[in-house]
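# Chain and residue survey
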Amino acid sequence: MRTFEHTLSNYYDSWNEGFVTKDASKIRSYMSEKFVGIFGYSSIEVPEEYHYNYDIKSILKQYNEKTRKEFEIITSMERKNGENYVVLGLETSFIDGNPHRAQCMYVWGLEEGEWKLLREFIEIEQ
C-alpha cells in the first residue's frame, strides 16, 4: 500500500507529467470512480460540479508543457481510523511562468488498499 503522503506527491507529479504528455490516464488512476469535484472562483455565482469521467485531457491540452502544479499542505486530518484523510492546502499552478493560486480541500480514501481521491473542492484566488 502506498502511504498517503507518497500518493499525494505522486498525484501532483502525474498532473505535471500530463501537461507534457497530454495523457490523463495517470491522473485518473488516483481518482475514485465515485469522485466528485467542485470548482469555483469569485466571479461565478454557482460553483461547477464535475465527476470521475470529466474531460481531463481537454484541460491538459489548454496548457503548454511548461505548466506545472505544486501543493502545500496547510493541515491534514485522519478520519475513519486512518481510512480517510481530509487535506487543506494551497495549490499553485505556474502557467506561462505566472503563479495562479487556489485554496483546496481534498478528501482521500482507501479503496482496495490504494489511496483514491474521493472529493476535491477548489476555489481559485482572484
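Scroll up for the structure.
The notes below deal with the structure included here. Note that residues are indexed from 1 along each chain, following the sequence as it is written. For this predicted model, a pLDDT threshold of at least 70 governs which residues receive local features, and a threshold of 80 or more governs which side-chain atom pairs are given and counted, while totals over whole chains, interfaces and linings are taken from all residues. The side-chain values count all of the structure's non-hydrogen atoms but skip hydrogen atoms and water molecules.

Now for the sheet that holds strand S5 (residues 98-111). Strand order across the open sheet formed by 6 strands is S2-S1-S6-S5-S4-S3, with mixed pairing between neighbours. Looking at strand neighbours, the two that pair on one side only are strand S2 (48-51) and strand S3 (68-79), the edges of this open sheet. Across the sheet, the axes of successive neighbouring strands diverge by a mean angle of 20°, strand direction being ignored. In this analysis, strands are considered paired if DSSP registers two or more bridges between them. A run of H or I in DSSP becomes a helix once it reaches four residues, and a run of E becomes a strand once it reaches two; helices and strands are each numbered from the N terminus. Sheet topology places strand S1 (residues 31-41) next to S2; 4 bridges connect them, and they run antiparallel. Angular values range over 0 to 180 degrees, each being the angle between N-to-C directions of two axes fitted as lines to C-alpha atoms, with helices fitted over their stretch in contact.

Next up on the list: the packing of aromatic side chains. A pair of aromatic rings is counted whenever rings of Phe, Tyr or Trp (Trp by its six-membered ring) have centres within 6.5 Å, and the orientation is called stacked for planes under 30 degrees apart, edge-to-face for over 60 and tilted otherwise. Within the structure shown, the criterion is met by 14 aromatic pairs. A ring pair is formed by Tyr11 and Tyr30, whose centres lie 6.1 Å apart and whose planes are at 75°; its orientation type is edge-to-face. Within this pair, whereas Tyr11 is found in helix H1 (residues 4-21), its partner Tyr30 is found in the loop between helix H2 (25-29) and S1, the two being separated by 19 residues in sequence. With respect to burial, Tyr11 and Tyr30 carry one shared label: buried. Ring geometry for Phe35 versus Tyr50: centroids 5.9 Å apart, planes at 45°, classification tilted. With Phe35 in strand S1 and Tyr50 in strand S2, this pair connects stretches of sequence that are 15 residues apart. The rule is simple: take the accessible area with a 1.4 Å probe, protein chains only, and divide by the maximum for that residue type; under 20% is buried, over 50% is exposed, in between is partly exposed.

Position of Ser42 among the secondary structure elements: in the loop between S1 and S2. On the accessibility criterion, Ser42 (55% relative accessible area) is exposed. Sequence-wise, Ser42 and Glu123 are 81 residues apart; in three dimensions their C-alpha atoms are separated by 8.1 Å. Not counting chain neighbours up to four residues away, the residues in contact with Ser42 comprise Glu123 and Gln126. In this analysis, two residues are considered to be in contact whenever any of their non-hydrogen atoms come within 4.5 Å of each other.

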